[in-house]
Amino acid sequence: MEPAAMHGSTGFTAPIVPVAPIAPVAPVIAPSLTRDSYNAQTLGRSLNARVKQSRVLMVGAGGIGCELLKNLVLTGFGEVHVVDLDTIDLSNLNRQFLFRQEHIRKSKALVAKEVAEKFNPAVKIVAYHANIKDSEFSIEWFSGFTIVFNALDNLEARRHVNKMCLAADVPLIESGTTGFNGQVQVIKKGVTACYDCTPKETPKTFPVCTIRSTPSQPIHCIVWGKSYLLNEIFGTSEDQSAFDHSADAENAKEIEELKRESEALRKIRQSVGSPDFHQMLFDKVFNTDIVRLRSMEDMWKTRKPPEPLDYKALLEKALDAMAAKDAVLKNDQKVWSLEENLVVLKDSLDRLSKRALATKNAANGSSQDAIITFDKDDDDTLDFVAASANIRSTIFGIDRKSKFDIKQMAGNIIPAIATTNAIVAGLCVLEAFKVLRGEYDKTKEVFLTPFAPARLLASDKCRQPNPDCPVCGVFQARAYVDLSRATLNDLVEDYLKLQLGYGEKEISVSNEVGILYDPDETDNLGKKLSELGIKPDSFLTITDEDDENPYVNVVVAIQEAKEPLEDKPIKGASTEVKIPTKPKKTPAPEANGGHGSRQQSEAIAEVVPAKRPHPEGPDDVAAAKKAKTAASSVGQDDDIVVLDDSAGGGAIIIDDD
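As annotated in an unreviewed UniProt entry, the protein chain carries the name Ubiquitin-activating enzyme E1-like and comes from Parathielavia appendiculata. In its Pathway (unreviewed entry) section, the UniProt entry covering the protein chain states "Protein modification; protein sumoylation." What UniProt records for the protein chain under Subunit (unreviewed entry) is the sentence "Heterodimer."

Asker: Any details on the packing of aromatic side chains? Residues and values, ideally.
Answerer: Counted by the stated rule, this structure contains 14 aromatic pairs. Pairing Trp141 with Phe142 gives two aromatic rings, centres 5.5 Å apart and planes at 85°, and the pair type is edge-to-face. Accessibility classification places Trp141 together with Phe142 in one group, the buried group. With centroids separated by 5.1 Å and ring planes inclined at 65°, the aromatic side chains of Phe282 and Phe286 adopt a geometry described as edge-to-face. Of this pair, Phe282 and Phe286 both sit in helix H10 (residues 277–294), four residues apart, roughly one helical turn. There is no split in this pair, since Phe282 and Phe286 are both buried.

Asker: I'd like a description of the packing of H10 against helix H14 (residues 338–362), backed by residues and values.
Answerer: Viewed as axis vectors pointing N to C, H10 and H14 meet at an angle of 125°, and their least axial separation amounts to 11 Å. Considering their axes alone, H10 and H14 lie oblique with respect to each other. Relative to H14, the crossing made by H10 is right-handed. Counted together, Phe277, His278, Leu281, Phe282 and Phe286 of H10 and Leu342, Leu345, Lys346, Leu349, Asp350 and Ser353 of H14 form the full contact between these two elements. A per-class count over the contact of H10 with H14 returns seven nonpolar, two polar and two charged.

Asker: Help me get a handle on the pairing of strand E12 (residues 507–510), residues and values and all.
Answerer: Burial along E12 is two-sided: the residues Ile507 and Val509 and Ser508 and Ser510 are all buried. Pairing of E12 with strand E13 (residues 515–517) involves two bridges; the strand directions are antiparallel. Its bridge partner lying in E13, Val509 is registered against Tyr517. Hairpin connection between E12 and E13: a loop of four residues separates the two successive antiparallel strands.

Asker: Residue-level account of the environment of Leu540, with values.
Answerer: Summarising the element assignment, Leu540 is placed in strand E14 (residues 539–544). Here the alpha-carbon distance between Leu540 and Ile558, two residues 18 residues apart in the chain, equals 7.7 Å. Not counting residues within four places of it along the chain, the set of residues in contact with Leu540 comprises Leu491, Val509, Ser510, Asn511, Leu516, Ile534, Val554, Val555, Val556 and Ile558.

Asker: Which residues make up the sheet that holds strand E2 (residues 79–83), and what values go with them?
Answerer: In space, the eight strands of this open sheet follow the order E3-E2-E1-E4-E5-E6-E9-E10, with mixed pairing throughout. The strands lining the two open edges of the sheet, one partner per strand, are strand E3 (124–128) and strand E10 (457–461). Geometrically, the sheet is characterised by an average inter-axis angle of 15° between neighbouring strands, direction not taken into account. Here strand E4 (residues 147–150) pairs with strand E5 (residues 172–178) via three bridges, running parallel. Bridge assignment links Phe149 to a residue of E5, and that residue is Ile173. The strands that helix H3 (residues 63–75) touches are strand E1 (55–59), E2, E3, E4 and E5; relative to E1, the one it contacts most, it runs at about 165°.

Asker: An account of helix H16 (residues 403–410) is requested, with residue identities and associated values reported.
Answerer: Side chains that are three or four residues apart share a direction in an α-helix, a result of its 3.6 residues per turn. All of the buried residues along H16 are Lys403, Ile406, Lys407, Met409 and Ala410. Considering only its buried residues, H16 is in contact with helix H8 (218–234), helix H13 (325–330) and helix H15 (379–395).

Asker: Which residues make up the state of the cysteines, and what values do they have?
Answerer: Going through the model one piece at a time under the given rule, you end up with zero disulfides. Left without a disulfide partner, Cys197 is nearest to the cysteine sulfur of Cys472, which lies 3.2 Å away.

Cut-off values and rules
- Residues numbered from 1 in each chain as written.
- Predicted model: local features only at pLDDT ≥ 70, side-chain atom pairs only at ≥ 80, totals over all residues.
- Heavy atoms only, no water.
- UniProt positions renumbered as here; feature names shortened; annotations may be inferred.
- Phe/Tyr/Trp six-rings, centres within 6.5 Å; stacked < 30°, edge-to-face > 60°.
- Buried < 20%, exposed > 50% of the residue type's maximum accessible area, 1.4 Å probe, protein only.
- Helix = DSSP H or I, 4+ residues; strand = E, 2+ residues; numbered from the N terminus.
- Axes fitted to C-alpha atoms, helices over the stretch in contact; angles between N-to-C directions.
- Parallel < 35°, antiparallel > 145°, perpendicular 65-115°, else oblique.
- Left-handed = near helix turned anticlockwise from the far one by under 90°.
- Contact = heavy atoms within 4.5 Å.
- Nonpolar A, V, L, I, M, F, W, Y, C, P; charged D, E, K, R; others polar.
- Pairing = 2+ DSSP bridges.
- Disulfide = S-S within 2.5 Å.

Encoded structure:
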């Protein structure tokens, strides 16, 4: 045997032992949780189930709307409907995070749906590029939602949604922001105050002679272009809502001249679309009218007189600007020259003329003029207002403004803060959880006031409904009507007197136009409701004229009958109706001078357009008294530009869009 191999100096021979491979250890994988599982852990299974079963409506997809839609989708609300008429503008991109450069000029609602669906595919999103006041969004449609969220920047639209939610008995969560300030309010019929329970602050208006004869600030020329010239040529003639007539008696002669000017413009309106239309309008408002003003020497003793313009001479100077028209139109940040403003004016007149003629032709030869109203997101009307205001500013020696600045001033836009929108949107969802639980006693009105001395968020218990509120302090009723045959007499005799129980009480019936019926106004009784402009989802106000124990006002929502009405053309939604009487007035206690957080918070609430003034003169009363035809009910929602005189530069208080 050969000697064994030696290892080292010890002489020890180590046996070679094979080592078995170590089996890999499987990693411990934590059970994966879905988004719904996290939501269930956070909210509790009961509330989470209600959230998933909810069908909610969000009106407005702008600053608050983008944040709110994101919250609703991530929280797992089962079905979300989004309504917005607006399109995406470059100025929206700094705070409306759902939108990108490639989305400019596309529908906010449709793009918001497309983007938000990726956050949570389990949520169904339905988008409408439409106006919430359109007839398709009826009371019945509102009734199908669990909660409605308002994320609007328009007073009239807010009031409309408030009214529709009350009629449909659907809870509404109202929200708004103004710069760094914001607020959230829960509205539930009969439980909390509604949007109209508190009067909204009235904005400043302008003396008509200042606007039409002696402008001294850019805002005066913008109001002239928006509320006067645009309406005279393409809208409803003479929008009085932006003008203060309190000094008319002192300027009677000038007022008569201004009325003659309006009449001349109405004649020019008939030439819309003709080859001479541009020059006819320009010569009238920028030459003839200015020459007349200059002739009033007393008016210019202490100020520089305006300088009239010659259309043909200015047109010759504008040849270079005409060649660069597309570039001029795209640059809304630049303050356009006088020649560039003429180019924009001519182009906007062409676009508006085509729209007006197309609308009129589509009306099958109707004698009614096409109505085009101002919208800050409508480039046609905005270009017209910007160019006409700047040309007028030049004539009166006033600084011109960029289209971007004019959009802010004419559209009541205050640059919004993205963080404010996000906080308010979060508060909306937190209040929605209380609504889903039915805990209205725990809901709050929350005010975001970062510069208040006390706290960032101030909250109060929701206010009780105001018994004198014209919107929610009334008795709500619904009537199903066959509009093809129902007359006003059917409404008064068969529905109001018999079904609602007015009997022999003296009552009046009115709508937004005026009085349709009272004991002294019976001319309309034989007319069909459709002839009086009453259509599905119209609201009629019934006023008890009795002095002793009168009923509260009743608001009747007119609904199209779902099935044929054989006996009578009007049928109530309920067979048992008990209208409460008006409470007796008690003397109000004297105020002790105390002010809580609500007063402080409401002091910073948004400044919003006011309602049109009620008729005061005998002629106006007579006109309001008789609402004869559907044509007379054509109205116009027109915002009023708000001016802060103390700011010197015409600061405007505006909402986000």
